[in-house]
Amino acid sequence: MRINLISSFAAGILIATTICGIVYFTDDTASQKVSAKSSEKGQLTAAQMKDKLESDGYVVQTKEELEKILQAAKSSEIKPDDSKEKEKAVTQVVVNVADGMTSIDVANVLFQAKLIPDAFKFTQDIEARGLQNALRPGSYTVNSDMSYDQMIATIFTN
């Protein structure tokens, strides 16, 4: 009797679901509401769209107006005066070398200070010159006016 009760319950759920599905898929009121909303709006003209956007705070311009503005901006650009020499700011860095630091560490400090273009090449150059063991603890001051060789001579003592 228990199986009969469960199968009756399942059949009732199946019938109820079928009826709900039929009602849902055959109901046309939702599609009528959607079509009514779309027909109310209709198609806006270009002037109506522009007015609506401008009332919402947007700036609307035609392609020709944009090109005119861009041409005016290009013609009014301030060109740099080549007769005046710009003074280059000198960057001065104090490199503190502690016990255990390597040429790689010094190269990274100089690279972060933008005094050398490539830390790896700097390290390779130090090794090619045989100065990797010439690094002594202390504070060394280098600046952007120094040449590459002057920086090496200042930090690495032979």
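Note that the structure is predicted; figures quoted are calculated from it, not measured. (Residues numbered from 1 in each chain as written. Predicted model: local features only at pLDDT ≥ 70, side-chain atom pairs only at ≥ 80, totals over all residues. Heavy atoms only, no water.)

Asker: So what exactly am I meant to see when it comes to unusual backbone geometry here?
Answerer: Its identity as a non-glycine residue notwithstanding, K114 has a phi of 60°, on the positive side. For K114, the position within the fold is in the loop between helix 5 (103-112) and helix 6 (119-129). Looking at K114, the relative accessible area reads 73%, which means it is exposed. (Helix = DSSP H or I, 4+ residues; strand = E, 2+ residues; numbered from the N terminus. Buried < 20%, exposed > 50% of the residue type's maximum accessible area, 1.4 Å probe, protein only.)

Asker: Any chance you could explain the nonpolar core here in plain terms?
Answerer: Looking at soluble globular proteins, one finds that nonpolar side chains tend to be buried together. With 20 residues, the main nonpolar core has V95, V106, L110, F122, V142, I155 and F156 as its most contacted residues. Here V142 is in contact with T91, Q92, V93, V95, L110, L115, M151, T154 and I155, once residues within four sequence places are set aside. (Core = buried A, V, L, I, M, F, W, Y, C linked by side-chain atoms within 4.5 Å. Contact = heavy atoms within 4.5 Å.)

Asker: Would you mind going over the side chain of D125 with me for this structure?
Answerer: Along the chain, D125 turns up in helix 6. You can call D125 buried: its relative accessible area is 19%. With residues near it in sequence (within four places) discarded, D125 still touches Y148 and I152.

Asker: Explain the packing of aromatic side chains to me, please; I cannot follow it from the model alone.
Answerer: Counted according to the given criterion, the structure contains three aromatic pairs. With 5.1 Å between their ring centres and 80° between their planes, Y24 and F25 make a pair best called edge-to-face. Through a chain of ring-to-ring contacts, the aromatic side chains of F122, Y148 and F156 assemble into a single cluster. (Phe/Tyr/Trp six-rings, centres within 6.5 Å; stacked < 30°, edge-to-face > 60°.)

Asker: Whenever I open this one, the packing of helix 5 against helix 6 confuses me. Can you help?
Answerer: Geometry of a packed helix pair, given as the angle between the helix axes and the separation of the axes. Between helix 5 and helix 6, the shortest axis-to-axis distance is 9 Å and the interhelical angle comes to 140°. In terms of orientation, helix 5 and helix 6 fall into the oblique class. In this structure, the crossing between helix 5 and helix 6 has a hand that is right-handed. The residues of helix 6 that touch helix 5, namely those facing S103, I104, V106, A107, N108, L110 and F111, are A119, F122, T123 and I126. (Axes fitted to C-alpha atoms, helices over the stretch in contact; angles between N-to-C directions. Parallel < 35°, antiparallel > 145°, perpendicular 65-115°, else oblique. Left-handed = near helix turned anticlockwise from the far one by under 90°.)

Asker: How do you make sense of the pattern of salt bridges when you look at a structure like this?
Answerer: Working definition: two side chains of opposite charge can pair if their charged atoms are close together. Across all of its chains, the model carries three salt bridges by this definition. Of the charged contacts, one joins K52 and D56 as a salt bridge, the two residues approaching to 3.7 Å between their closest N and O atoms. Looking at K52, the relative accessible area reads 49%, which means it is partly exposed. For D56, a relative accessible area of 47% gives the class partly exposed. Note that R129 and D149 form a salt bridge whose closest N and O atoms lie 2.5 Å from each other. Placement of R129 in helix 6 and of D149 in helix 7 (residues 148-155) is noted, with a sequence separation of 20 residues between them. Linked through salt bridges whose partners overlap, the residues forming this network are D125, R129 and D149. (Salt bridge = Lys/Arg side-chain N within 4 Å of Asp/Glu carboxyl O.)

Asker: Before we go on, may I ask you to explain the pairing of strand 1 (residues 92-97) in this structure?
Answerer: Each regular strand carries side chains that alternate between the two faces of the sheet. Here strand 1 shows one buried face, formed by V93, V95 and V97, and one open face, formed by Q92, V94 and N96. The pairing of strand 1 with strand 2 (residues 138-143) spans six bridges and is antiparallel. Bridged to V94 within strand 2 is T141. (Pairing = 2+ DSSP bridges.)

Asker: Explain a nonpolar patch on the surface here, please?
Answerer: Taken together, the side chains of I15, I19 and V23 define a hydrophobic patch exposed on the protein surface, amounting to about 290 Å² of accessible area. Relative to the assigned elements, I19 resides in helix 1 (residues 2-26). (Patch = residues over 30% accessible without salt bridge, like charges linked within 9 Å, V, L, I, M, F, W, Y side chains within 5 Å. Areas by Shrake-Rupley, 256 points an atom, 1.4 Å probe, with all protein chains shown as cover.)

Asker: Would you explain the environment of S103 in this entry?
Answerer: Summarising the element assignment, S103 is placed in helix 5. Looking at S103, the relative accessible area reads 6%, which means it is buried. Residues in contact with S103, not counting those within four places in the same chain, are T123, I126, L135 and F156.

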